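Commentary on secondary and tertiary structure
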Amino acid sequence: VQLQASGGGLVQPGGSLRLSCAGSGSIFSIKAMGWYRQLPGKQRELVATITSGGSTNYADSVKGRFTISRETAKNMVYLQMNSLKPEDTAVYSCYAHIRSYSDTRGYWGQGTLVTVSS
């Protein structure tokens, strides 16, 4: 089982980016999925999560600007980031709690760098 994140890059303040994360391998089902980020010199923090039922949760710092969504049939989770600020610059990683055909546990995708700068 693997998670593959994509969509990071350089964007100007006020701009938008969309991150994608795809699960692959022997996946039976996925419960919660989410995005976390690690700012330079800081610990990883939660950005947003979404349950299998579609309930979402956001960090206060991104509420109203970021939107998490998922395509359950494709094992995909997305993070639409609007009105980006320089303080959003971080490595963003996706997470999924996956029931595979061998076990049930959390998986992390590799990070994708988002840089917000003029």
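1. Brief notes about the state of the cysteines
Taken as a whole and assessed by the stated rule, the structure comprises one disulfide. At a sulfur-sulfur separation of 2.1 Å, the disulfide partner of Cys-21 is Cys-94. Taking the sign of the S-S torsion, 55° for the link of Cys-21 and Cys-94, the bridge is right-handed. Note that Cys-21 is positioned in strand 3 (residues 17–24) and Cys-94 in strand 9 (residues 90–100), a separation of 73 residues in sequence. For the pair formed by Cys-21 and Cys-94, the shared burial category is buried.

2. Considering the sheet that holds strand 1 (residues 2–6)
An order of 1-3-8-7 is seen for the four strands of this open sheet, with the pairing classed as antiparallel. Each end of this open sheet is capped by a strand with a single partner; those strands are strand 1 and strand 7 (66–71). On average, each strand axis in the sheet is tilted by 15° relative to the strand beside it, whichever way the strands run. Pairing of strand 1 with strand 3 involves five bridges; the strand directions are antiparallel. Directly across from Gln-4, in strand 3, lies its bridge partner Ala-22.

3. Let's talk about the pattern of salt bridges
Evaluation of the coordinates by the stated rule reveals six salt bridges. Residue Asp-88 is joined to Arg-65 by a salt bridge in which the shortest nitrogen-to-oxygen separation is 2.7 Å. Taken as a pair, Asp-88 in the loop between strand 8 (76–81) and strand 9 and Arg-65 in the loop between strand 6 (56–58) and strand 7 lie far apart in primary sequence, 23 residues in all. The closest approach of N and O atoms between Lys-74 and Glu-71, which form a salt bridge, is 3.7 Å.

Thresholds, definitions, all that
Residues numbered from 1 in each chain as written. Predicted model: local features only at pLDDT ≥ 70, side-chain atom pairs only at ≥ 80, totals over all residues. Heavy atoms only, no water. Disulfide = S-S within 2.5 Å. Helix = DSSP H or I, 4+ residues; strand = E, 2+ residues; numbered from the N terminus. Buried < 20%, exposed > 50% of the residue type's maximum accessible area, 1.4 Å probe, protein only. Pairing = 2+ DSSP bridges. Axes fitted to C-alpha atoms, helices over the stretch in contact; angles between N-to-C directions. Salt bridge = Lys/Arg side-chain N within 4 Å of Asp/Glu carboxyl O.

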